[in-house]
Amino acid sequence: MAKKPSSVFQEASVEHTESSTTPEATKAWYDDIDTEKTVDSRSSSPLVDIKKLKSKAQKLYELDCKERSESRGMSKSDLEWFREVTSRGTTKDKIAAYAMAVQEGSFYSIPHLESLLNLAKSTNKHESFPAVEGLKDAIVGNDLLPKHRKLYYFHQRPFTNLSDSSLQKWHFEDRLKGILFELLKCIEKLLQENVEYVRERSCRWLFEITMACPFEQTQNTLALISNKLGDPDKKLSSRIIFYLEEIVKAHPSLMDAVIDSVQAVLARPGVPERAQY
């Protein structure tokens, strides 16, 4: 059995400098803030109380989510069904219900994404494995990730436009970034499983996340993918080469990052010859 490697994760930091009413259903949530600049939190004005603003942003977002939920016109029976399924239903039913809720309102999806994340963190593998896939699908399949830039934490915003709408969007982006990071940690654990199918699916999910948003958590996703070049399953290690090639074809700007991730694997002591080859 392959030795379990230490975590390849690095906490996200400021990497690139790039983005008012509530977002409309016909446009992505990030369309209106892509023109806003970001800053290093250390250069923020000392007069700005980021903690206070972040708390205000969370309250505004939660209130907006509540108002939307009440105005959606769901029948009493539909609401009771959703509550029943998400509290007492099977794992499969819970995942389906949360996924449907995310699809119906992506900007209002944080509570449902967090519920999926809680299932993904379960110690019950029969519950966590499908939940990880469900969370990945909810994020990748609903245009939640901007394809041309990374996500930003709340403290990385310039605080020059303090409208309620901007604060809500910054809160949403901050939480989405955090949820994605936690999702990758869940996938990292699955990559250490003895079952080949679980490792193969986990690598596939990392590939899909990288293809969907090549600027977000790239160092972590590429490190996790490249790390499986030394997997005992030769079919999987060959599949990893295919994934890396496809990533470079789709996103040529990631060429150097891919090379660095592969070289980092080769530089580790005790790397199997099959990985070096």
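Note that this is a predicted model, so its numbers are computed, not measured. (Residues numbered from 1 in each chain as written. Predicted model: local features only at pLDDT ≥ 70, side-chain atom pairs only at ≥ 80, totals over all residues. Heavy atoms only, no water.)

**Description of the nonpolar core**
Within soluble globular proteins, side chains that are nonpolar generally end up buried alongside one another.
Part 1 of the argument: Grouped together as the largest cluster of nonpolar side chains are 58 residues, with contacts concentrated most on Leu113, Ile139, Leu176 and Ile187.
Part 2 of the argument: A total of nine residues in this core trace back to one element, the largest contributor, which is helix α6 (residues 164-190).
Part 3 of the argument: For isoleucine 139, the residues in contact, after removing those within four places along its chain, are Leu113, Leu144, Leu145, Ile179, Leu180 and Leu183.
Part 4 of the argument: Counting residues in each nonpolar core, the second largest holds seven residues, with Ala57, Leu60, Phe154 and Trp170 among its members. (Core = buried A, V, L, I, M, F, W, Y, C linked by side-chain atoms within 4.5 Å. Buried < 20%, exposed > 50% of the residue type's maximum accessible area, 1.4 Å probe, protein only. Helix = DSSP H or I, 4+ residues; strand = E, 2+ residues; numbered from the N terminus. Contact = heavy atoms within 4.5 Å.)

**A look at the packing of aromatic side chains**
Part 1 of the argument: By the definition in use, this model includes 14 aromatic pairs.
Part 2 of the argument: For the ring pair tyrosine 61 and phenylalanine 107, a centre distance of 5.6 Å and an interplane angle of 75 degrees mean the geometry is edge-to-face. A residue pair is termed long-range when its members are at least 10 positions apart, and tyrosine 61 in helix α1 (residues 50-71) and phenylalanine 107 in the loop between α3 (91-104) and α4 (110-120) qualify at 46 residues. In this structure, tyrosine 61 and phenylalanine 107 share a single accessibility class: buried.
Part 3 of the argument: Consider the rings of phenylalanine 154 and tryptophan 170, whose centres lie 6.0 Å apart with planes at 75 degrees: the pair is edge-to-face. Separated by 16 residues along the polypeptide, phenylalanine 154 in the loop between α5 (125-140) and α6 and tryptophan 170 in helix α6 bring together distant segments of the chain. When sorted by exposure, phenylalanine 154 lands in the same class as tryptophan 170, which is buried.
Part 4 of the argument: Chaining the aromatic ring pairs together yields one cluster made of Trp29, Tyr30, Tyr61, Phe107, Tyr108 and Phe172. (Phe/Tyr/Trp six-rings, centres within 6.5 Å; stacked < 30°, edge-to-face > 60°.)

**What to know about the pattern of salt bridges**
Part 1 of the argument: Within the structure shown, the criterion is met by 18 salt bridges.
Part 2 of the argument: One salt bridge in this structure joins lysine 185 and glutamate 182, with 3.2 Å as the shortest N-O distance. On the criterion of helical spacing, the pair formed by lysine 185 and glutamate 182 is a turn pair, its members being three residues apart in helix α6.
Part 3 of the argument: Among the charged side chains, a network of salt bridges with common partners joins Lys136, Asp137, Arg204 and Glu208. (Salt bridge = Lys/Arg side-chain N within 4 Å of Asp/Glu carboxyl O.)

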